[in-house]
Amino acid sequence: MTKKIMILPGDGIGPEIVAQARRVLDAVNTHDDLQLEFIGELIGGASIDVHGEPLTDAAVARARECDAILLGAVGGPKWDTIDRAIRPERGLLKIRSSLGLYANLRPALLYPQLVEASSLKPEVVSGLDILIVRELTGGIYFGEPRGIRTLENGEREGYNTYKYSESEIERIGRTAFEMARKRSKKVCSVDKANVLEATILWREVMDRLAPEYPDVELSHMYVDNAAMQLVRAPKQFDVLVTGNMFGDILSDAAAMLTGSIGMLPSASLDKDGRGMYEPCHGSAPDIAGQGIANPLATILSVSMMLRYSLGLTKSADAIDAAVGVVLDQGLRTADIYTPGTTKVGTCEMGDAVLAALYQA
Ligand code: NAD
């Protein structure tokens, strides 16, 4: 049966890296007869320039009819000064909340070939394979009331609301337990239950779920300790599950353990496993248009899409293996280059992955 994939290249390096990912997707589509169909749409600054808003309702409606979405990145200096309500990033928030993409999966996997690119010692990071499960549509980033108000004494005060309902915690908790079942069967739930009531409830709900997953070991950790442990002994973790804000921060820290943000894919899933797939990095305006961006995070996002939303494990494995081959060949974009390896551009990296597909 035909599956529909929406392609949202976005801004900056987005179109360059998505073009390479699309070549890989076309190749597996043909080789494995996947019957994928593609629909292109605008998001971010590219959409603002044409439609005056970062994502149209029509684009959201078309996205709802798709089985999965591949996104590049949004944003750039050109749109930094426009009205906050229609900034490029609003397009991302709109698609996430409209499609109910509440589970953000961010693997932090260190390829053995890139161990030298990590900021930590090889013995601390080699073999690193963590999955961060971040709640994406709730918590303090969305909580109301919020704003900046003027107090009676004339001083201004900024305020936000950190809240999670039991059902929001339960559904992200279940995602974490299910993911752990496919991995090393350990979930560490990260909270600040010594200070924040919202996370006392978070901990209670996680404990309540645990007996339903007797094969998975659940532990809890305060977020400050988790940040410390991620740089001290990251290999102790398998699946880390946490709320929106803590997940935002911890997943960027975990990303750097792997050497380059240019290597890391991500998935944002709804309750039925439909999802949006994108690299963890932004639109990198500093290198846009130069043909030097690393396309591997986006190519690996395609692999995650095939694996998690489309159930096409064999094709996903083929892409992962091809990425392993090009790294073995010593090919590196500038962000992961170390002396002794061969520096290549965005398109050459795409060529190499295509050449390695089904050869591994
Ligand atoms: P960024 O991730 O775009 O760039 C940070 C640094 O990493 C830059 O030096 C960049 O050149 C480098 N980099 C990023 N991706 C790379 C790749 N694939 N290959 C090689 N190098 C790469 O973060 P930023 O500079 O903070 O943000 C730039 C713009 O991206 C901003 O407008 C921001 O709002 C937006 N942004 C978008 C998303 C998204 O679309 N999901 C996420 C983060 C930031």
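Residues numbered from 1 in each chain as written. Predicted model: local features only at pLDDT ≥ 70, side-chain atom pairs only at ≥ 80, totals over all residues. Heavy atoms only, no water.

Brief notes about the side chain of Asp238
Applicable threshold: Helix numbers and strand numbers start at the N terminus; a helix is a DSSP run of H or I with at least 4 residues, a strand a run of E with at least 2. We call a residue buried when its accessible area falls under 20% of the maximum for its residue type, exposed when it is over 50%, and partly exposed in between, using a 1.4 Å probe and counting protein chains only. Whenever a nitrogen or oxygen atom comes within 3.5 Å of another N or O atom, the pair is scored as a polar contact, on the condition that within protein one atom can donate a hydrogen and the other can accept it, and that pairs from neighbouring residues in sequence are kept only if both atoms are in side chains.
Here Asp238 is to be found in the loop between α8 (223-232) and β10 (239-242). With relative accessibility at 3%, the residue Asp238 sits in the buried group. A distance of 3.1 Å separates a polar atom in the side chain of Asp238 from the backbone nitrogen of Lys186.

Side note on the domain arrangement of the protein chain
How big an interface is tends to be stated in terms of the accessible area lost upon association of its parts. To keep things clear, this is the line we draw: How far each domain reaches was decided by an automatic or database domain assignment. For this analysis, residues touch if any pair of their heavy atoms sits within 4.5 Å. In this description, buried area is defined as the sum, over both parts, of the accessible area (probe of 1.4 Å) that is lost when the two are combined. Just to be clear on terms, a salt bridge is a Lys or Arg side-chain nitrogen sitting within 4 Å of an Asp or Glu carboxyl oxygen.
Taken domain by domain, the protein chain comprises domain 1 (1-102 + 271-360) and domain 2 (108-269). Relative placement of domain 1 and domain 2: their C-alpha centres are 23 Å apart. If you look at the interface, domain 1 gives 30 residues, while domain 2 gives 22 residues. Taken together, both faces of the contact between domain 1 and domain 2 bury some 2400 Å²; the carbon and sulfur share is 65%. Three residues stand out in domain 1 for area buried against domain 2, namely Tyr102, Cys280 and Tyr308, and they jointly supply 29% of the buried area on that side. Summed over the shared surface of domain 1 and domain 2, the number is zero salt bridges. Linking domain 1 to domain 2 there are 10 residue pairs in polar contact (both at pLDDT 80 or more).

Observations concerning the environment of Ser165
Relative to the helices and strands, Ser165 resides in the loop between β7 (156-159) and α6 (166-181). Judged by its relative accessible area of 32%, Ser165 falls in the partly exposed class. The sequence separation of Ser165 and Cys347 amounts to 182 residues, and the corresponding C-alpha distance is 46 Å.

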